Structure formats: C-alpha cells, structure tokens
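# An overview of the molecular structure
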Amino acid sequence: MSPLAASARSAPPDATATHAAVAAAIETACGRIAPLWPLQHFVAVNPFLGFAGQHFGSACATLRRVANADMLMPRSFHLAQIESGHVTETDLASAFTDGALPFDIDALKARLRAPPPTARPRAVVATVAEVLDRLAHGDRELSRTAFMIDEISKWCAAYFDEGQAAWQMPWRDQSPFTAWRLATRFDRNPEMGGIGGFRATIAGLPDDPVEAIATIVAQLGIPERALPDYLHRALLDIQGWAAYARYRAWNCALRGQRDTTPVELLAIRVAWGYALFRHRGDREFAAAWRAAMAAAAGLPATPAAAPDNELALDLALQRAYETAVRRRLFARFAQRATPAPAAHGRPAVHAAFCIDVRSEVFRRALETVAPDIATLGFAGFFGFPIEYVPIGQARGGAQCPVLLVPTVTVCEHVEGATAEHEAEVLRLRLARRRAAKAWKAFKQSAVSSFTFVETLGLGYAAKIASDTFGLSRPVPDPDRDGLDAAAAARIGPRLERRTVNGRVTGFDAQQRVAMAEAALRGMSLTEGFARLVLIVGHGSTTVNNPHASGLDCGACGGHTGEANARVAAAILNDPSVRSGLAARGIAIPADTCFLGALHDTTTDEVTVYSTESVPATHSHEVERLQAQLAQAGVRARAERAALLGVPRDATTDRHVLARSRDWSQVRPEWGLAGNAAFIAAPRARTRGIDLAGRCFLHEYDWQRDRDFAALELIMTAPLVVASWINLQYYGSTVNNRMFGSGNKTLHNVVGALGVLEGNAGDLRTGLPLQSVHDGRRFVHEPVRLGALIDAPATAIEAVIGKHARIRELVDNEWLHLYRFTADDGIFERYRPPGALPGGGAAASPREPLWERYCP
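Residues numbered from 1 in each chain as written. Predicted model: local features only at pLDDT ≥ 70, side-chain atom pairs only at ≥ 80, totals over all residues. Heavy atoms only, no water.

### So, the overall build of the protein chain
Of the regular secondary structure elements, the protein chain holds 32 helices and 19 strands. Since a compact globule built from 855 residues should have a radius of gyration of about 29 Å, the 29 Å found for the protein chain is in line with a globular shape. Structurally, the protein chain occupies a C-alpha span of about 95 × 75 × 50 Å along its principal axes. Among the 855 residues that make up the protein chain, the fraction classed as buried is 54%. A sequence separation of at least 24 residues applies to 73% of the contacts in the protein chain between residues at least 6 apart. For the protein chain, the accessible surface area stands at approximately 36,100 Å², while carbon and sulfur atoms represent 55% of it. (Helix = DSSP H or I, 4+ residues; strand = E, 2+ residues; numbered from the N terminus. Rg over C-alpha atoms; globule rule 2.2 N^0.38 Å. Buried < 20%, exposed > 50% of the residue type's maximum accessible area, 1.4 Å probe, protein only. Contact = heavy atoms within 4.5 Å. Areas by Shrake-Rupley, 256 points an atom, 1.4 Å probe, with all protein chains shown as cover.)

### A short note on the pairing of strand β1 (residues 349–354)
Successive side chains on a regular strand alternate, one facing one side of the sheet and the next facing the other. Burial analysis of β1 places six of its six residues in the buried class, the great majority of the element. As defined by bridge partners, β1 adjoins strand β9 (residues 532–539) across five bridges and the pair is classed as parallel. Across the sheet, residue His350 finds its bridge partner in β9, namely Val533. Strand direction decides the pairing type here: β1 and strand β2 (residues 373–378), joined by six bridges, are parallel. Looking at the pairing, His350 lines up with Ala374 of β2. Assessed by its sense of winding, the connection that carries the chain from β1 through helix α18 (residues 357–369) to β2 is right-handed. (Pairing = 2+ DSSP bridges. Right-handed = clockwise from strand over helix to strand, strands pointing away.)

### Focus: unusual backbone geometry
In the Ramachandran plot, Asp604 falls in the positive-phi region, its phi being about 55° despite a non-glycine side chain. Within the fold, Asp604 resides in the loop between β10 (593–600) and β11 (605–608). A relative accessible area of 1% means that Asp604 is categorised as buried. Not every positive phi belongs to a glycine, and Phe708 is a case in point at roughly 55°. Relative to the helices and strands, Phe708 resides in the loop between β13 (695–699) and α28 (709–716). Phe708 gets classed as partly exposed once you look at its relative accessible area, which sits at 27%.

### Quick notes on the environment of Trp439
Tracing the backbone shows Trp439 in helix α19 (residues 419–444). A relative accessible area of 38% places Trp439 in the partly exposed class. Contact partners of Trp439, with chain neighbours within four places excluded, come to Phe452, Leu456 and Tyr460.

### Brief notes about the side chain of Gln665
Relative to the assigned elements, Gln665 resides in the loop between α27 (652–659) and β12 (677–681). The class of Gln665 is buried, set by a relative accessible area of 18%. In this structure the side chain of Gln665 is engaged in a polar contact, spanning 3.2 Å, whose partner is the side chain of Arg659. In this structure the side chain of Gln665 is engaged in a polar contact, spanning 3.0 Å, whose partner is the backbone nitrogen of Arg667. (Polar contact = N/O pair within 3.5 Å; in protein donor to acceptor, adjacent residues only side chain to side chain.)

### Quick look at the packing of helix α7 (residues 128–135) against helix α8 (residues 144–160)
Direction vectors running N to C along α7 and α8 enclose 140°, while the axes themselves pass 8 Å from each other. With respect to α8, the element α7 is oriented oblique. On α8, the residues touching Ala129, Glu130, Leu132 and Asp133 of α7 are Arg144, Thr145 and Met148. Taken together, the residues of the contact of α7 with α8 break down into three nonpolar, one polar and three charged. (Axes fitted to C-alpha atoms, helices over the stretch in contact; angles between N-to-C directions. Parallel < 35°, antiparallel > 145°, perpendicular 65-115°, else oblique. Nonpolar A, V, L, I, M, F, W, Y, C, P; charged D, E, K, R; others polar.)

### Quick notes on the pattern of salt bridges
The full count for this structure, using the stated rule, is 50 salt bridges. With a shortest N-O distance of 2.7 Å, Asp314 and Arg75 are connected by a salt bridge. One end of the pair, Asp314, is in helix α17 (residues 309–330); the other, Arg75, is in helix α4 (residues 75–83), with 239 residues separating them in the sequence. With relative accessibility at 8%, the residue Asp314 sits in the buried group. With a relative accessible area of 13%, Arg75 lands in the buried category. Between Arg685 and Asp790 there is a salt bridge, and its shortest N-O distance comes to 3.2 Å. With a gap of 105 residues between them, Arg685 in the loop between β12 and β13 and Asp790 in the loop between β16 (785–789) and α31 (793–802) connect regions that are remote in the sequence. In this pair, the class of Arg685 matches that of Asp790, namely buried. Several salt bridges share partner residues, and in doing so they unite Arg64, Asp70, Arg75, Arg111, Glu310 and Asp314 into one network. (Salt bridge = Lys/Arg side-chain N within 4 Å of Asp/Glu carboxyl O.)

### Side note on the packing of aromatic side chains
Each aromatic ring pair is summarised here by two numbers: the centre-to-centre distance and the angle between the ring planes. All chains considered together, the criterion is met by 35 aromatic pairs. Plain terms: the ring middles of Phe48 and Tyr730 are 6.2 Å apart, the flat faces sit at 70° to each other, and that makes the pair edge-to-face. Highlighted residues: Phe48 in the loop between α2 (19–31) and α3 (56–67) and Tyr730 in helix α29 (residues 718–734), separated in sequence by 682 residues. Each member of the pair, Phe48 as well as Tyr730, carries the same accessibility label: buried. Aromatic side chains Trp171 and Phe186 sit 6.0 Å apart centroid to centroid with 15° between the ring planes, which places their arrangement in the stacked category. Taken together, the residues span a long stretch of sequence, with Trp171 in the loop between α8 and α9 (176–184) and Phe186 in the loop between α9 and α10 (189–192) at a distance of 15 residues. Among the aromatic side chains, those forming a connected cluster through ring pairs are Trp37, Trp155, Tyr159, Phe160, Trp241, Tyr244, Tyr247, Trp250 and Trp724. Sitting over the ring of Phe56, Arg784 keeps its end group 4.0 Å from the ring centre. (Phe/Tyr/Trp six-rings, centres within 6.5 Å; stacked < 30°, edge-to-face > 60°. Lys NZ or Arg CZ within 6 Å of the ring centre and 35° of its normal.)

### Points about the sheet that holds β16
Pairing in this open sheet of six strands is mixed, and the strands run β13-β12-β16-β17-β18-β19 from one edge to the other. Unpaired on one side and paired on the other, β13 and β19 (849–853) mark the two borders of the sheet. Strand-to-strand twist in this sheet, taken as the mean axis angle between neighbours without regard to direction, amounts to 25°. Bridge count between strand β17 (residues 815–820) and strand β18 (residues 827–831): three bridges; the pairing is antiparallel.

### Structural notes on the sheet that holds strand β3 (residues 386–389)
One open sheet accounts for four strands, arranged β4-β3-β5-β6; its pairing is mixed. The open sheet is flanked by β4 (397–399) and β6 (491–494), the only strands paired with a single partner. Pairs of neighbouring strands in the sheet enclose a mean axial angle of 35°, with direction left out of account.

### Looking at helix α26 (residues 619–644)
If you check α26, its first and last C-alpha atoms are 36 Å apart, about what 26 residues at 1.5 Å a residue would give, namely 38 Å. The set of residues buried in α26 consists of Val622, Leu625, Gln628, Leu629, Ala632, Gly633, Ala636, Arg637, Arg640, Ala641 and Leu644. Count one or two residues on from α26 and you reach Gly645, which has phi positive near 75°. (Expected span 1.5 Å × (residues − 1).)

### Observations concerning the state of the cysteines
Scanning all chains against the criterion turns up zero disulfides. Counting only cysteine sulfurs, Cys156 is the nearest neighbor of Cys30, a cysteine outside any disulfide, at a range of 13 Å. Cys411 forms no disulfide, and the closest cysteine sulfur to it belongs to Cys400, at a distance of 16 Å. Relative accessible area serves as the criterion here: at 12%, Cys411 is assigned to the buried category. (Disulfide = S-S within 2.5 Å.)

### Some points on the pairing of β17
Burial runs high along β17: six of the six residues are buried. Pairing between β16 and β17: five bridges, direction parallel. By the bridge assignment, Ala787 is partnered in β17 with Leu817. What sits between β17 and β18 in their antiparallel hairpin is a turn of six residues, with Gly825 showing a positive phi close to 85°.

### Let's talk about the confidence of the model for the protein chain
Of all residues in the protein chain, 92% attain a pLDDT of 70 or more, and the chain-wide mean is 89. Counting interchain partners and residues more than four positions distant, the pLDDT-below-50 stretch residues 5–15 has 20 contacts. (pLDDT = per-residue confidence, 0-100.)

### Description of the side chain of Arg269
One can find Arg269 in helix α15 (residues 261–279). In this structure Arg269 touches Thr127, Ala129, Met148, Ile152, Ala234, Asp237 and Ile238, once residues within four positions along its chain are discounted.

### Some thoughts on the nonpolar core
Core analysis: the largest hydrophobic core is formed by 183 residues, its most contacted members being Leu231 and Trp289. Listed in part, the 32 residues of the second largest apolar core include Phe384, Phe529, Ile586 and Phe594. (Core = buried A, V, L, I, M, F, W, Y, C linked by side-chain atoms within 4.5 Å.)

### Points about the environment of Gln81
Mapped onto the secondary structure, Gln81 falls in helix α4. Distance from Gln81 to Ala324, taken between C-alpha atoms, is 9.6 Å for residues 243 residues apart in sequence. Discounting chain neighbours no more than four positions away, the residues touching Gln81 are His86, Val87 and Tyr321.

This is the structure:
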C-alpha cells in the first residue's frame, strides 16, 4: 500500500462527511466571504459581513484559528497609544470585565513590549498546499500555494473579464466549474510546473461542483467538524476572486435569482488541492498530512465560549483604544462654546447634503459663512432608487445603496433639445466612441502594438506634458466622453414616462408622490420650507485612479449623486406632486424652489444645476447662494489642507485643485478616513460643534416621526451602510494584507473589474494602504462605529428586536450604540443582553440596559 493510500485509510474516525454535512459546510464557507463590487461601481463593504452572526471577539478567534489572521492592531500600536497618553489608565480599566486594571500600568507596558509567551500557532486547519509549503521550508520557488493562486487568478481574469481582454475565453458561456474543466484539457502549465497527472485528476472528478467537493473531501479524509473551516481556509487563498463571486451571487439574490458562482469557484480551488494531494504521495507528505488531519479532528465541536488569555488581552486593548477615541470625540458636545442658535422663522435656504463624513466639514463651513442657512443630512440617493442610463447606453448603473434594487429607470437626455437634435448628439457620441475603441484596439493588437510606440511615440509628447501639469486628463471623463461641450452642459435626467428600447422609463404620478413624501419625511423636512431648497449630491474628481468610484457616493452605488439630486429637485418642483403631498399633510409653499447640486469632495466646489429655470423672483437669492457656497469651499479646503500636507496660505486652493488633476497623485483626498460615529438627530444637536469630518450626520426629529417609521428606515439602511464603510476602513487598517488592497503604486487593473498588486497573485479587496496611512502614521483610527441616536430607548429597542441584521450589529458589538439625553454632553450607552461592562459575558441572559455615559 502506498503512503498516500495509507494516509487516507488512517484518516480520523469522523472523516466521512455526509452529503448534507458537505452542503452545509459549503454554504457556511461561502457565506463567510464578503462581496467585492467591480471597479466601475466600487463601494465600501464590511469585510467581516459573513461573521455578523458571531460576536466580534468570536470572529477574531475564528480567523486566528482558520487562517492565523488578525483583525486587531498589533500590541506595539497599543503600547504607543498608552505611552503617548492617548489611552489612559481609566480607559484601560473600563475595558476589563470588573472595571479594574488587573495589573499595574508598568507591568502592562512590559507585557506589551515582550514577545508573546509562545509563538503564534499555525492555523489549526491546514490545506494541502499549506502542508506542502511547510515541507518546502519557506522556499518561494517551491511554494505550491503561490503557484496555485497565480494559476487560478489568471483563469478567473480571463473568465470574468468585463471588456479589458482583446481575445475572450471561448467557454464564457459555460458555468465556471464546467468552463475551468474544459480549459484544463488544454492547459499544460500545471504539469509543466511539476504537478504530474493534473489534467487526468481533474477530468476524473464529477461534473457537479458540489459532488466534486464531496468526493474530494472524502478522499482527503477531512474530519466533518473541520470541514467548514477547511473550505473557508481554501477560499481565503483566493479571497479576492471569491469575493467577486459573492458579488455576483449577491446581485442575483437581490432580484430573487440564484447564482452558484461562489460554490463553483470553491470547487475549482478544492480540486487544485486534490491534484496536489494526488501528485505528492511520498512518506514525508503522508505523515505531514496525517498530522494535519489529526489536529483538525481535535477541534472542539463548538467554538469556545470565551477567548484565550492572549486574545482576551488584545480585545481589551482594542476596547480601551476605542473608549479613548470616542471619549475625545463625544466630549466635543460638552465643549461647545455657545449653544446652537434657535431657529427663528424661515431660513434663507435649506441645504440637504449626503450623510457622508466629508459633508460635515462643508456643512459647518457653509453655516459659518451663512448663519441663515439650515443644513440637513440624508442618504445621498435622496430616497430615489433609480437606474440612470447615460445617452448612448442601453443599461445604466444602480444609483442606490447596494442593499436595494432600483425601482425606476431614468434616461439621460439633452435638456431643451428637439428630437432631431438629440438624435444627432446620440449619433455623434456613438461615432466618437467607436472611433476611440478602434484606435485603442489598434494600439493593443498583436502586431501593431510593437511598432506603435516607435512610430507615434514623439507625437504624444505634448499630451504627456499636459497630463503631467494637470492641463488635461489622461483619459476622458466617462460621464462626458463623446459629447461636445454644448451638449455636455445641457444633459440631465428625463422624468417623463416613456418606453425606450422595450423598457419602461421615467416616473408615473403615484411613484413621484410616494418617493417625494418618503424623502421629505426621511430628512424630517415636512414644514417651514425655505424659499430655496438645495439638494446636494456628491462625487469626487480624480484621474489615473482605479478605485475612483470608491470616492463617489456609496449611497448611490459607487456613482456620483448628481442624477439623484437633480431627479429629486425636479420631482419636488412638480406642481402635481406638491398637490399630492399636500393631501398627505406636507404643504410646500408656492414660493419654494428646489435645486439639484453636486459637491466635489476633492475640490470642495459645488455646482448648482438648472439655475436658468429658477423664477426671476429668486435669481438674486441664487446668486447670493452660489457666492456663499464658494466662500464655504475656501474654508473647507483650508481645513482639509493640513491633513493633505498642503500649505495653508494663499496657494491652498491652487494646490488642492491641482491634486484632482494630478495623474501621479495617490491620495487626491482622504475620502472617509477617520470616520468614527453615526449621528441621527436634529441639526441643533450638532450645529456649532467641530466634528472634524468624522461623523455621518443624518437629520432626524423623533417628535415628527409617525410610528417611528423613519427611525426604522435610518437604522436598517443608512446605519448599516455607515457600518459597512466603517468596518471596511477598520479592516484595511488593522490588516491591509488580508482586508485591503496593498500598495496603490503597484496596482494593475485586471479584467476591468479589480486590481492585482503587482503582475500576479489574487484579486485584491478593500482599500489601498495609501487611503488609511500617510507614509508616517495611520490617519484612520481603527475603531468600530459609535452610533448616537436621538430617540426614546423603547423605540430604538423595538427596531433592534424587529430586525435581525441590526440586532447582530449591536448585540455582537460590531458597532456601539448610544442615545442622547436631555442634557448636552451626557448620553446613555446600550449594553447588549448578556454583556458585562468590560465586554465579558454575564452568567445568565438579561434585558438590555442603558447606562449613563459622560465622556
């Protein structure tokens, strides 16, 4: 009998998993992978989404056990925070179960300086490739894991390609597992890489991916209790592509469809491991594999109820750090120099901004230069979940949070143009795009690409110079590509109901009124309307940046909020909509005019749209507003300058604007770095307080909220999206290798859907290191979101009790929940059921408790 056969025969007694157990393990493993949206509409995603059902500490333990991966900062970081005084003894004491530091501060520092008592153990559940790498003793040239990842990644890039490849894979019409097996019949690279019999091994597997996985795990002898962890560990080797597969499944699930891409990709990864297993049959490997499976069989049947001592200390350090950060942020409420000005009469302007933390800086600047302007915060799609179709395209992007599906399709058109003129604009745009595509194909074709540079290289000198000095863009703006300046200045959304290419587009009367009412109630704007109401979406100006859409509006699905803002303003100006709203108890004065606008978060410039349609009676007020917006932009740029390393002097504006056009700039803006809190309250609670661009600000007045419907919407949608953003920044900071995308200067776009770091390896997820680190220090402080809500405790608890998604977030401490009290600067903190003050578990379940919190 061969050593390999003996290894399989001597597998642990519970190695044979039932088909049901295999199916359940597959679902668990795939469910632990968070989705990754393509670059075209890259949005923030909670990288720990698949662990939401576990407590934060339990998820930390799971990742350490499965992948030897951390989701906490290293102890050296916390030592520096303690030595600098940022984290105090009081902060540390509050992080322990009994509210007292179990050792003196000097002993703690000494412990943090010392290496752990024992070296961090390997992941308990090893894969075949990992065992082979151990036997190679770290020799990169012999790494089977690296070779396998590169080969799978190349195949995925070809199969999932969204238009980058000149030659497409011939099997893209097949399911992933089937297409991969067809490709392996011709691919000799694995065998040339030393994996003998690879093609025969793959050809001998069942056609069905689940059956193939079941066959493989039985042959490998994986203990049933270790099966979910083994499959999860296997997916983590190709985490980026697995995340993209989860995105495809997520999108299908939103539409009530089923997609098996994650399962099929898992089958591909497990099949690779099986081929490695079949190839390496010597005694050394057989002994190593038996030892790995014996360790896997020793896993407890259920996860440990409490973390081990080392992890418990690391969790306490994280809690102490978060306490210190939140204490300083929330203390600003008590430090307000003067109380928020009381509202007297009608404001000159209502300005509704996205809740994005970057809007907080601009809102504060605008209120400073124009105290008679009242600003509001609302999710940046403004309650209009639309698919927006640009001129010349058959399909558009979803302009709404990724938790939702667009309910209305809106097409772009040239405002004020005749049908003949619009048809001409469309014809010219399509012709220009076809010409640009043909030119690109010529530059990249197999033959002409070799002579292109030598023949025409010098002709690009002027273009390269103008791009370098920010006088032009390296590539056209995709929103204006193919349009002449006159047409680009007049494009906008068409709201009228009509059929385009067999699809119904535009709004009917009922949809207009229903969405308008939901939007106004959602932002607590149901009375006291100003003469001008500005609805401000946001976007970012940047060039040569694969993750550019990640700086746009997450609430608009990774697009700018321009379309939503303009649609909202147009509908709210509709006289028939106002009549319908009046019948529903919302009376908008006849002299109120709504305007759509776009805040560029890189330059802090605000563009106001359709000003030509404003009544003459309001023209002077619009001019005044535009001047005030320009003044606010100057103040906002000055505030952001220090963090960007831009001088705060007469050249500030020029430097900030130049960053937006600089194709070598790795950090045109800081995005949402620094985000730490979500606040749902009337603006009076926060007006006049410098929150340093760290808070998502959502307007909410519970006394106007009928049946707390708006509170429920805020907690189940904007709060969830804010937590996704927060945890993406958290993950990209604490462990950028696993949850981020590495060094931005090494990125290469693959398949027009993601990036590699370098020229090989897995698809990278999360944020580049430059998005959270300035080269000297982390600019983003890795803390879980603090949600601060102005509402009765019973109403908040009712929403938590009704929605499992929210209950998981707060009870499993993926965010920390607080509520306002009657006194400024004093809050109440929510303690989840079964939790003790230091984060430990109570002896028996209890009702949730609100405890006084005074930072």
